[in-house]
Structure formats: C-alpha cells, structure tokens
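The primary structure of each chain is shown beneath.
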Amino acid sequence: MTDIHSNIIIPTTKVKESNLSQLDLANIKFGHAFTDHMFVVDYDSGEWINPQIRPFGPIQMHPATSSIHYGQSIFEGMKAHRNKEGEIVFFRMDDHAARFCYSAKRMAMPEIPKGLFRKGIMELVKLDQAWVPQEEGYSLYIRPYMFATDEFIGIRRSTRYKFMVILSPVAGYYSGAVEVYASTKYTRAAPGGTGMAKAAGNYAAAILPAEEIKDNGYDQILWLDGRNHTNLQEIGTMNVFAVIDGEVHTPSLFEGTILPGITRDSAIQLLKSWNIPVHEREISIHELIEAQKKGHIDEMFGSGTAATISPIKGFGYDDQHYEVTLGDENSISTRLKNALQEVKQGNAPEEFGWVEKLN
Ligand SMILES: *Cc1c(COP(=O)(O)O)cnc(C)c1O
C-alpha cells in the first residue's frame, strides 16, 4: 500500500544564501554545525497539518508550552552517507521511524505516519544535499524530534505537537577507546519506566551522573539495572557488548529498560550471518569481573549511530579498575566496525535491506 504522505508536496521557503561556505569540516564538533533548512510539521487534534521546509532558525514558543514544563519530548538519531559514486544513502530509515513511533506511544504522543517521516527527511536532505560530506568517516547526522506544544500549565496529554527534522554534518563521534564506570549510585531506567524510549528526560537525568564519573577520569557511565545495580544495561548512548571466549554477549531487552539500538540490532544480525554465537541475556557486573580476572574477556565495545562501534579499554566498579584488552585488526569489534561502515556508506552489498538511496 502506498502511503498518502509519500506523494505530498512540501511547501518550501529557501534561504537567500547558503551558509555552506562557513562549514569547517576539519574542526567540526559533533552536533554544532547545521544545514541551511529544517523540516517542520504540526499536529493538532488528530491531524498532521502544515508541513513545510524553511530556513534553519529559531522557533517561537509560548511561555507555557507544555513540553518545556513537563517533558513530552522525543527524538531520533540517524545518518546519511555518500557512497563511492557520491550518491546519498540512508541507513535503516524505516526502523528509525518505527522506533520513533514506539517512543511516541510510551510518552502518550501521536505516532507520525512513516510516509511523512520519510518524506520530510528525504525532501530536506535533497534540498541540503551539498552539506552531505564525501570525506571518509564523515556523514550527515539526521535529528528528527517531536515535542508537545499545548499552551497551558497542567499535566495531561497535549493535543498539539511539532515534529521537526534538523541536519548536522559530523565526523566520527568518539575518537579512540573509552573507559566506563559502573555506577551503583545512579539509575538510568527501571522496569516500567521510559528506558526503552528516546525520551528527552532520560538524557537530562543522566547529565549529572556523567559529569561525576568524568571527574573521576572515566569517559562514560556503564549503567546497571535499577533494582539491584547488578546487571549491565548500556553505556551513555550506546548499547554494550562483551566478547567472552570468542562468543558475543549483550544484555537482553526484555525488561524494557534498555534502548533498543539499531546499531545493536545490526551488529547482532551481522554476527549471526558470520556464524559467531551471540547471547542476549542477563550479564552481571560480578560475572564480568570474574571473567576479566580469569582472562576470558577478549574485548568489549559499545554500539550506537553516532560512534558506530566504540572499543572499551577498561571498566570501573566499586572503586576498582579492570582493564580490558583492545581488539586488533582481526577482532570482532574491528570487523564489525568496518563491515557496518561499508554497509552504511552504501559501498558493500548487504542482504538485509538496510540501505536505500536518496531518490
Ligand atoms: C540512541 C541510543 C542508543 C543507540 O541506538 P542506535 O539506534 O544504535 O543509535 C543506545 N542507548 C541509548 C540510551 C540511546 O539513546
């Protein structure tokens, strides 16, 4: 069935002059540079109305805009790359649309039709395509988001929302391996909470914990479960993997406390296609420490759209530090990183249907 939204014409107001000449790719910082235009569509009482592309810039908000006060706000993060031919390719856009709707449902927000999500992104990237870097390692980060816009003070489901898409050219997110600290003081998510949604409030709650562990020399938090602070959950904005005696282990998603990463899922599918055993299960920090002491951990890594695969060179817990071997060029994390990069850039054939071209 064709989605009615794939055929809509989006009214477009273009900038008089592009800012592209001011883009300094060599010194780019993640999420600091934005393209010339943005996509905006409003939702009011059951209908998506007034889709438009207009010059990137400030939006006016009523002082009582409900998302500012009560946080009905969600987002996605995905990437477009250029392949060797210079064509623009998207990675798993439909899966990002599906996850966005999943987040929306949990936060009592309207789902956006997949066709509208896709059309907004496609048309915006088409208009700003000169901003998609060709240089190796660079890409265009795509940030779809939605927030409640009812103008009153009081807590209930908003009747109005804004869905927007902004674009940011980026280099790789993390450089090098990271050291993580397993916090027993803070909790990211608990069963029944919002951990599985890309909901703005989850990230606000993680800022202070992240600052504290940075003060202690660590890069990211390794979140443990909210009940007992025992089982691994994820790292900052990455899912976590441990390679133990040649087999891959990652926390399972069944409790709904972990963000279901699309990079995580891609990694699992690739590993399975290579006949490498993958175990989605409960992994306790004590088991991990035991495995580290006995020399059974081959390597550990995190996965996420921003960084793809990030090696982990050590973890802290209870004021102790445990070093983890870094993978060499034949290690699972290196193979995954390279394979994912090639697929995402549209330079490798893939059997999964993950990649599509800008049309
Ligand atoms: C976005 C995110 C991830 C990674 O998801 P991807 O789809 O792979 O980018 C992992 N954990 C959290 C908390 C996230 O917000």
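Keep in mind the model is a prediction, meaning the values are calculated, not measured.

Notes on the packing of aromatic side chains
- Applying the stated criterion across every chain yields a total of 15 aromatic pairs.
- Ring geometry for Phe100 versus Phe163: centroids 5.4 Å apart, planes at 75°, classification edge-to-face. Of this pair, Phe100 sits in helix H2 (residues 93-106) while Phe163 sits in strand S7 (residues 160-170), and the two are 63 residues apart along the sequence. Just as Phe100 is buried, Phe163 falls in that class too.
- Here Tyr145 and Phe147 contribute two aromatic rings whose centre-to-centre distance is 6.1 Å and whose plane-to-plane angle is 20°, an arrangement assigned as stacked. Per residue, the accessibility class of Tyr145 equals that of Phe147, and both read buried.
- Among the aromatic side chains, those forming a connected cluster through ring pairs are Phe39, Phe100, Phe117 and Phe163.

Digging into the site of the ligand
- Around the ligand, the structure places 15 residues, and the nearest of them are Lys198, Tyr203, Glu234, Thr263 and Thr305.
- In the model, an oxygen atom of the ligand is placed 2.7 Å from a nitrogen or oxygen of the Arg99 side chain.
- Take Ile262: an N or O atom from its main chain is 2.7 Å from an oxygen atom of the ligand.
- Here the ligand has 380 Å² of accessible area as a free molecule, and 97% of this is covered by the chains.
- Going through the elements one at a time, strand S11 (238-244) and helix H5 (262-273) are the ones with two or more residues in the shell around the ligand.
- By residue class, the composition of the shell around the ligand is four nonpolar, seven polar and four charged.

Details of the pairing of strand S1 (residues 37-44)
- With seven of its eight residues buried, S1 lies for the most part within the structure.
- As paired elements, S1 and strand S2 (residues 47-55) share seven bridges and run antiparallel to each other. Looking at the pairing, Met38 lines up with Arg54 of S2.
- Here S1 folds back onto S2, and the loop between the two strands holds two residues, one of which, Ser45, carries a positive phi near 45°.
- As paired strands, S1 and S7 are joined by six bridges and run antiparallel to one another. Bridge assignment links Asp44 to a residue of S7, and that residue is Arg160.

Some details on unusual backbone geometry
- Positioned with a positive phi, Asn275 is a non-glycine residue whose angle comes to about 60°.
- Structurally, Asn275 is set in the loop between H5 and strand S13 (278-281).
- Asn275 gets classed as exposed once you look at its relative accessible area, which sits at 69%.
- For Asp319, which is not glycine, the phi torsion reads 65° and is therefore positive.
- With respect to the helices and strands, the residue Asp319 is situated in the loop between strand S15 (308-317) and strand S16 (320-323).

A word on helix H4 (residues 200-215)
- Between its first and last C-alpha atoms H4 spans 24 Å; for 16 residues at 1.5 Å apiece the expected length is 22 Å, and the two agree.
- Of all bends in H4, the biggest is about 35°, found at Ile207, and the proline Pro209 comes one to four residues later.
- The complete set of buried residues in H4 reads Asn202, Tyr203, Ala206, Pro209 and Ile213.
- Turning to H4, the residues buried within the fold contact strand S3 (73-75), strand S8 (178-182) and strand S9 (220-224).
- The first or second residue beyond H4 is Gly217, which carries a positive phi of 90°.

Comments concerning the environment of Ala339
- By the secondary structure assignment, Ala339 is in helix H7 (residues 332-344).
- Looking at Ala339, the relative accessible area reads 18%, which means it is buried.
- With 205 residues separating them in the primary sequence, Ala339 and Gln134 have C-alpha atoms 18 Å apart.
- What Ala339 contacts, discounting residues up to four positions off in sequence, is Leu270 and Trp274.

Considerations on a nonpolar patch on the surface
- Residues Tyr70, Ile153 and Ile155 make up a contiguous nonpolar surface patch of about 360 Å² in total accessible area.
- Considering the arrangement of structural elements, one finds Ile153 in the loop between strand S6 (139-148) and S7.

Brief notes about the pattern of salt bridges
- One pass over the full model with this rule turns up 19 salt bridges.
- With its nearest N and O atoms 3.7 Å apart, the salt bridge here joins Asp94 to Lys114. Residue Asp94 is found in helix H2, and its partner Lys114 is found in helix H3 (residues 114-127); the two are separated by 20 residues along the sequence.
- Residue classification places Asp94 among the partly exposed positions, given a relative accessible area of 30%.
- Relative accessible area serves as the criterion here: at 43%, Lys114 is assigned to the partly exposed category.
- A salt bridge links Lys185 to Glu212; the shortest N-O distance between them is 2.9 Å. You can see Lys185 sitting in the loop between S8 and H4 and its partner Glu212 sitting in helix H4, a full 27 residues away along the chain.

Parameters at a glance
- Residues numbered from 1 in each chain as written.
- Predicted model: local features only at pLDDT ≥ 70, side-chain atom pairs only at ≥ 80, totals over all residues.
- Heavy atoms only, no water.
- Phe/Tyr/Trp six-rings, centres within 6.5 Å; stacked < 30°, edge-to-face > 60°.
- Helix = DSSP H or I, 4+ residues; strand = E, 2+ residues; numbered from the N terminus.
- Buried < 20%, exposed > 50% of the residue type's maximum accessible area, 1.4 Å probe, protein only.
- Near = heavy atom within 4 Å.
- Polar contact = N/O pair within 3.5 Å; in protein donor to acceptor, adjacent residues only side chain to side chain.
- Areas by Shrake-Rupley, 256 points an atom, 1.4 Å probe, with all protein chains shown as cover.
- Nonpolar A, V, L, I, M, F, W, Y, C, P; charged D, E, K, R; others polar.
- Pairing = 2+ DSSP bridges.
- Expected span 1.5 Å × (residues − 1).
- Bend = angle between axes of the 7 residues up to and from the residue.
- Contact = heavy atoms within 4.5 Å.
- Patch = residues over 30% accessible without salt bridge, like charges linked within 9 Å, V, L, I, M, F, W, Y side chains within 5 Å.
- Salt bridge = Lys/Arg side-chain N within 4 Å of Asp/Glu carboxyl O.

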